[in-house]
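A structural walkthrough
Single-letter residue listing:
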Amino acid sequence: ERYTKNNKKDIVDDWPMVNLIVEKRFLNQIGNLDDSIWPGEDTELCCRIQKNNQSIKYIKDAFVYHHRRGSIINHLRQIFNYGYNRTHLIKTKKIKMDIKSIIPIIFLLYNLLLIKLHTLSIIFILPIIIYLLIIVLESLKFLKNKSNVFKIMFLPLLTYFSHLTYGFGEIMGLIQKKYKLQKR
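A brief structural summary. In this text, all values refer to a predicted model and were calculated from it rather than measured experimentally.

1. Describing the overall build of the chain
Secondary structure assignment for the chain yields six helices and two strands. Counting helices and strands in the order they occur from the N terminus, the chain gives β-α-α-β-α-α-α-α. When each of the 184 residues of the chain is scored for burial, the buried share is 33%. Pairs at least 24 apart in sequence give 70% of the contacts found in the chain among residues at least 6 apart. Within the structure as shown, the chain displays about 13100 Å² of accessible surface, and the carbon and sulfur contribution to it stands at 63%.

In structure tokens, the structure reads:
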């Protein structure tokens, strides 16, 4: 939803800074980005926008091209930091916890439990089969754009590990007593 065209909604609750435009006058009124937070400064700003009774409008025709991280390790480190900082923002009450915040933790715990439970019944592995099928089908959409087939083969695996890494980052953010500002 955050990095693809969203044809469903006009108003959103949270939007990444990479695609967010805020009028300078309004930003001066509510305060600039909190540079002690990274990543997650965009989520915290979106919460302040909404607390000031303003909406965040999604414009589906706007397009921004972003260069991705140079390596899988750097990508996963960034994803971990997103999860870590989201729970820090929740703990400091700068943002509210919602179901989207809990799903990555549940997903990680489910995967850990699956190591034990997979022998008990097919019912326990059915959710992961459905999940994997969905990410494979979503990855196949990139074939229409004549993307690199070799890269697309690894996209489901990268997506899976990205989701696990985000959940791990959230758990580490929850159990960490003292917040450590992440390096950009």
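2. Topic: the packing of aromatic side chains
Counted according to the given criterion, the structure contains six aromatic pairs. Aromatic side chains Phe-80 and Phe-168 sit 5.7 Å apart centroid to centroid with 45° between the ring planes, which places their arrangement in the tilted category. With Phe-80 in helix 3 (residues 72-91) and Phe-168 in helix 6 (residues 149-175), the pair connects residues that are 88 residues apart, well separated along the chain. By relative accessible area, Phe-168 is classed as partly exposed at 42%.

3. Notes on helix 2 (residues 41-51)
Side chains three or four residues apart in an α-helix point the same way, a direct result of the helix having 3.6 residues per turn. Burial of helix 2 is extensive: nine of the eleven residues sit out of reach of the surface. Looking only at helix 2, the buried set comprises Glu-41, Asp-42, Thr-43, Glu-44, Leu-45, Cys-46, Cys-47, Arg-48 and Ile-49. Of the surrounding elements, those touching the buried residues of helix 2 are helix 1 (24-30), strand 2 (56-57) and helix 3. The positive-phi residue at the C-terminal boundary of helix 2 is Asn-53, with phi of around 55°.

4. What about the packing of helix 4 (residues 99-117) against helix 5 (residues 122-140)?
It is the contact of helix 4 with helix 5, at a shortest axis distance of 10 Å, that shows an interaxial angle of 130°. With respect to their mutual orientation, helix 4 and helix 5 come out oblique. The two elements helix 4 and helix 5 meet at a crossing, and its hand is left-handed. Contacts from Phe-107, Tyr-110, Asn-111, Leu-114 and Leu-117 in helix 4 reach Phe-124, Ile-125, Pro-127, Ile-128 and Tyr-131 in helix 5.

5. Quick notes on the packing of helix 5 against helix 6
At a closest axis distance of 9 Å, the pairing of helix 5 and helix 6 adopts a crossing angle of 130°. Regarding the angle of helix 5 to helix 6, the classification is oblique. For the crossing formed where helix 5 meets helix 6, the hand is right-handed. In this structure, helix 5 contributes Ile-128, Tyr-131, Leu-132, Ile-135, Val-136 and Ser-139 to the contact, and helix 6 contributes Ile-152, Leu-155, Pro-156, Thr-159, Tyr-160 and His-163. Here the residues of the contact of helix 5 with helix 6 are counted per class, giving nine nonpolar, three polar and no charged.

6. What to know about the pattern of salt bridges
Tallying each qualifying case throughout the model produces one salt bridge. Between Arg-48 and Glu-44 there is a salt bridge whose closest N-O contact spans 2.9 Å. One end of the pair, Arg-48, and the other, Glu-44, are both in helix 2, four residues apart, so they sit about a helical turn from each other. One exposure class covers both Arg-48 and Glu-44, and it is buried.

7. Digging into a nonpolar patch on the surface
Nonpolar side chains collect at one region of the surface, where Leu-133, Val-136, Leu-137, Leu-140, Leu-143, Val-149, Phe-150, Met-153, Phe-154, Leu-157 and Phe-161 lie side by side and expose about 1000 Å² of accessible area between them. Counting residues per element, the ones that place at least two in the nonpolar patch are helix 5 and helix 6. The greatest single-element share of the nonpolar patch, amounting to six residues, is contributed by helix 6.

Conventions we followed
- Residues numbered from 1 in each chain as written.
- Predicted model: local features only at pLDDT ≥ 70, side-chain atom pairs only at ≥ 80, totals over all residues.
- Heavy atoms only, no water.
- Helix = DSSP H or I, 4+ residues; strand = E, 2+ residues; numbered from the N terminus.
- Buried < 20%, exposed > 50% of the residue type's maximum accessible area, 1.4 Å probe, protein only.
- Contact = heavy atoms within 4.5 Å.
- Areas by Shrake-Rupley, 256 points an atom, 1.4 Å probe, with all protein chains shown as cover.
- Phe/Tyr/Trp six-rings, centres within 6.5 Å; stacked < 30°, edge-to-face > 60°.
- Axes fitted to C-alpha atoms, helices over the stretch in contact; angles between N-to-C directions.
- Parallel < 35°, antiparallel > 145°, perpendicular 65-115°, else oblique.
- Left-handed = near helix turned anticlockwise from the far one by under 90°.
- Nonpolar A, V, L, I, M, F, W, Y, C, P; charged D, E, K, R; others polar.
- Salt bridge = Lys/Arg side-chain N within 4 Å of Asp/Glu carboxyl O.
- Patch = residues over 30% accessible without salt bridge, like charges linked within 9 Å, V, L, I, M, F, W, Y side chains within 5 Å.

Interpretation note: all reported values are geometric properties and have no functional meaning in isolation.
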